[in-house]
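# Report on the structure
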Amino acid sequence: MPSAFQSIVVVGAGAVGSYYGAMLARAGHRVTLIGRAPHVAAIERQGLQLHKAGTVEAVRLGASTEIDAVREADLVLFCVKSTDTEAVGREVAPHLQADALLLSLQNGVDNAPTLAQLLRCTVVPTVVYVATAMPEPGVVKHFGRGDLVIGPLDSSQASDAALAQRLQAVVDAFATADVPVKISPDVMAELWSKLMVNCAYNAISGLAQLPYGVMAGVPDVVELQRAVVREVVAVANADGVKLDLDVSLQAMARIASAMPAQFSSTAQDMARGKRSEIDHLNGTVARRGVALGVPTPVNQALYALVKLVEAARGQAVAKPS
C-alpha cells in the first residue's frame, strides 16, 4: 500500500530521530535526516549504521545539515532537545508547508504547545518509548522497545475528523516499518506519565553514570525513585492531569526490567559534557510544584545536583588541601 506521506524529514537527527528515520527508510519511505555535519558526512559515506537485534545494517537515506531541507516534507519528526525547541521551531517555521504534519518526539510536556504557537502546520504530541544511543556519527544502537503514542493536542484537534484520518495514516506508515504507534485520546496524560518515568531515572542515572538495571538493584535508590514518582503524580493531578499513583509506581518499576542496560539521555549528555534536558524534566516538576503549591523536595534536589555538575563543567574547582 502506498504511503500517505511522500517526504518524511527528521529535524534534530540524534539517536532517537535517526533510529525512527532508519526504520522508515529501510521500509521504503523517502526519509531525510537533518543533523550535525559529522553525522551527515558519515551517513553520506557509508549509510546509517543501524545496530538492532544483534545485526548491523547500512541504511541508505537522505541527510543534510541545512534546516531548509524540511521544505518539501509532509511529515516531520521533530526530535531536537527540549532546550532548543523554541529556537529551532522559529528557524524551521518559514520552511514548513502549511499542510505538513509535525510530530514532536521529545521529552517533557511543554514542547508541543510551544511549537503549536510558533508554527502554522499541525503539531501532534508524541510519546516515545525507545532505548537508543549514538556512540559515534553515523551509528545508531537500539537497545529496546520502539513504540510511539500520538494524539490530539487539545479539544479543537480532538474534534477534527480530518486530523483523525491523518493520525491513522501515521499509524499505517509506521506499521510498514515495524514501529507500533497507538493513538491516545489523552496524549498529554501519556506525556506526563513519560515525564514521571524520566524524572525517576534520568538524573540518578546521570549523576551515578550507571544503567537502569544497576539502579534497580539498590533498594535505597528504588525508594528515592518512588518518592520522585509520588511528587510528579501530585503535581500532575494539581495541574488537571489525572495520573494514578499505583499505576505510575508499577510503570516506573517496569522500565528497569525492560531496559536494564540503558543509560538515561541525561547520563549520555553529562558523559559527553553536553547540556542536558534537566530543566524540562525534574526542573519542570519543581517549577510547576511551586506554582501549584505542591512540595517537590526530591525533584528539586535531583534538579539542583545535575545543574551543579553542569555549572562546574569546564571550571577549575578548588579542592581542599
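Structural notes, computed from the coordinates.

The rules behind each value
Residues numbered from 1 in each chain as written. Predicted model: local features only at pLDDT ≥ 70, side-chain atom pairs only at ≥ 80, totals over all residues. Heavy atoms only, no water. Phe/Tyr/Trp six-rings, centres within 6.5 Å; stacked < 30°, edge-to-face > 60°. Helix = DSSP H or I, 4+ residues; strand = E, 2+ residues; numbered from the N terminus. Buried < 20%, exposed > 50% of the residue type's maximum accessible area, 1.4 Å probe, protein only. Lys NZ or Arg CZ within 6 Å of the ring centre and 35° of its normal. Expected span 1.5 Å × (residues − 1). Arc of directions from axis to C-beta. Contact = heavy atoms within 4.5 Å. Salt bridge = Lys/Arg side-chain N within 4 Å of Asp/Glu carboxyl O. Pairing = 2+ DSSP bridges.

With the rule as written, the count across this model stands at three aromatic pairs. Each ring, one from Tyr 19 and one from Tyr 20, has its centre 5.1 Å from the other, and the planes form 70°; the classification is edge-to-face. Seen from their ring centres, Tyr 20 and Phe 174 are 6.4 Å apart, and the 75° between their planes marks the pair as edge-to-face. Of the two residues, Tyr 20 is situated in helix H1 (residues 15-26) and Phe 174 in helix H6 (residues 161-175); the sequence distance between them amounts to 154 residues. Here Tyr 20 and Phe 174 have matching classes, each one buried. Of the aromatic side chains, those joined through ring pairs into one cluster are Tyr 19, Tyr 20 and Phe 174. Lying across the ring of Tyr 129, Lys 194 places its NZ or CZ 5.7 Å from the centre.

Moving on: helix H13 (residues 297-312). Between its first and last C-alpha atoms H13 spans 22 Å; for 16 residues at 1.5 Å apiece the expected length is 22 Å, and the two agree. Taken residue by residue, H13 has Val 298, Asn 299, Leu 302, Tyr 303, Val 306 and Glu 310 as its buried positions. The arc that holds the buried residues of H13, viewed along the axis, is 135°, so those residues lie on one side. Looking at H13, the residues exposed on the side facing more than 90 degrees away from the buried face are Pro 297 and Leu 308. Buried-residue contacts for H13 involve helix H7 (187-208), helix H9 (219-238), helix H11 (265-271) and helix H12 (282-292).

For the rest of this paragraph, the subject is helix H2 (residues 37-46). Taken as a whole, H2 has its buried residues at His 39, Val 40, Ala 42 and Ile 43. All buried residues of H2 project into a common sector of 165° when viewed along the axis, lining one side. Residues of H2 that are exposed and point over 90 degrees away from its buried face: Pro 38, Glu 44 and Arg 45. Contact partners of the buried residues in H2: H1, strand E2 (31-34), strand E3 (48-52), strand E5 (62-64), strand E8 (122-136) and strand E9 (139-150). Trailing H2 by a residue or two, Gly 47 shows a phi angle of about 80°, which is positive.

Next up on the list: unusual backbone geometry. One non-glycine residue, Ala 53, lies in positive phi territory at about 55°. In this fold, Ala 53 is placed in the loop between E3 and strand E4 (55-59). Of note in this structure, Arg 145 is not a glycine but carries a positive phi near 55°. Within the secondary structure layout, Arg 145 lies in strand E9. On the basis of relative accessible area, Arg 145 is assigned to the partly exposed category, the value being 39%.

Throughout the structure, instances matching the rule amount to twelve salt bridges. Among the salt bridges present, the one from Asp 269 reaches Lys 81, with a minimum N-O distance of 2.8 Å. Note that Asp 269 is positioned in helix H11 and Lys 81 in the loop between strand E6 (75-78) and helix H3 (85-92), a separation of 188 residues in sequence. Of the residues examined, Asp 269 reaches a relative accessible area of 3% and is grouped as buried. For Lys 81, a relative accessible area of 24% corresponds to the partly exposed category. The closest approach of N and O atoms between Arg 145 and Asp 147, which form a salt bridge, is 2.9 Å.

Moving on, we come to the environment of Val 229. Here Val 229 is to be found in helix H9. Relative accessible area serves as the criterion here: at 0%, Val 229 is assigned to the buried category. Leave out the neighbours within four places in its chain, and Val 229 touches Met 196, Ala 200, Leu 245, Ser 248, Leu 249 and Met 252.

As defined by bridge partners, E3 adjoins E4 across five bridges and the pair is classed as antiparallel. If you follow His 51 over to E4, its bridge partner there is Val 56. Linking E3 back to E4 in an antiparallel pair, the connection comprises two residues, with Ala 53 at a positive phi of about 55°. Examined bridge by bridge, E3 and E9 share three bridges and lie parallel to one another. Along E9, the bridge assignment pairs Gln 49 with Val 139.

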